[in-house]
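Here's the letter readout for the chains.
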Amino acid sequence: MDEEAATRDETFDPELIHAIFKLVWRRGERGGGNEVVDVEPAPETSRRNRSTSANASALKMSCELLKIFVSEAVHRSAFVAEAEGATVIEPTHLERVLPQLLLDF
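The rules behind each value
Residues numbered from 1 in each chain as written. Predicted model: local features only at pLDDT ≥ 70, side-chain atom pairs only at ≥ 80, totals over all residues. Heavy atoms only, no water. pLDDT = per-residue confidence, 0-100. Helix = DSSP H or I, 4+ residues; strand = E, 2+ residues; numbered from the N terminus. Axes fitted to C-alpha atoms, helices over the stretch in contact; angles between N-to-C directions. Parallel < 35°, antiparallel > 145°, perpendicular 65-115°, else oblique. Left-handed = near helix turned anticlockwise from the far one by under 90°. Contact = heavy atoms within 4.5 Å. Phe/Tyr/Trp six-rings, centres within 6.5 Å; stacked < 30°, edge-to-face > 60°. Buried < 20%, exposed > 50% of the residue type's maximum accessible area, 1.4 Å probe, protein only.

## Regarding the confidence of the model for the chain
When pLDDT is averaged along the chain, the result is 80; 70% of the residues meet or exceed 70. Within the chain, no element has a lower average pLDDT than helix α1 (residues 3–9), which sits at 55, and none a higher one than helix α4 (residues 91–104), at 94.

Below you can see the structure in the form of structure tokens.
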């Protein structure tokens, strides 16, 4: 298998993504975030004792989306660096493509 094919098959570890999600959810429960998420709970649960979770397929899809997002960010940054004649991608290249990249996703 060549290097490009191996890179194509690599993705983020679902356990890592789940740990990141749990960290964000815990911060939200403590009131650490400014985001307002309006989710209607099931009648038999209350907001205090209901835990947030993600199933395996949701984690797999989240990993795939992150892989595509990061790959696209690198490609667009490389294009900007090449246009400037640079051989290395600098943070400023990423800063230039990030607004449009976020709008595209």
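## Quick notes on the packing of helix α3 (residues 56–83) against α4
It is at 9 Å that the axes of α3 and α4 come closest, and there the two elements cross at 135 degrees. Considering the angle they form, α3 stands oblique to α4. Along this stretch, α3 crosses α4, giving a crossing that reads as right-handed. From α3, Phe69, Glu72, Ala73, Arg76, Ser77, Val80 and Ala81 reach across to α4, where they touch His93, Leu94, Arg96, Val97, Leu98, Gln100, Leu101, Leu102 and Asp104.

## A few points about the packing of aromatic side chains
Using the criterion set out here, one finds two aromatic pairs in the structure. Ring geometry for phenylalanine 21 against tryptophan 25: centres 5.8 Å apart, planes inclined by 40 degrees, an arrangement best described as tilted. Taken together, the residues span about one helical turn, with phenylalanine 21 and tryptophan 25 both in helix α2 (residues 14–29) at a distance of four residues. A relative accessible area of 26% places phenylalanine 21 in the partly exposed class. The exposure class of tryptophan 25 is partly exposed, given its relative accessible area of 24%. Considering the side-chain rings of phenylalanine 69 and phenylalanine 105, the 5.0 Å spacing of their centres and the 80 degrees angle between planes classify their relative orientation as edge-to-face. Here the residue phenylalanine 69 occupies a position in helix α3, and phenylalanine 105 occupies one in the segment after α4, the gap between them amounting to 36 residues. A relative accessible area of 21% means that phenylalanine 69 is categorised as partly exposed. Judged by its relative accessible area of 45%, phenylalanine 105 is partly exposed.

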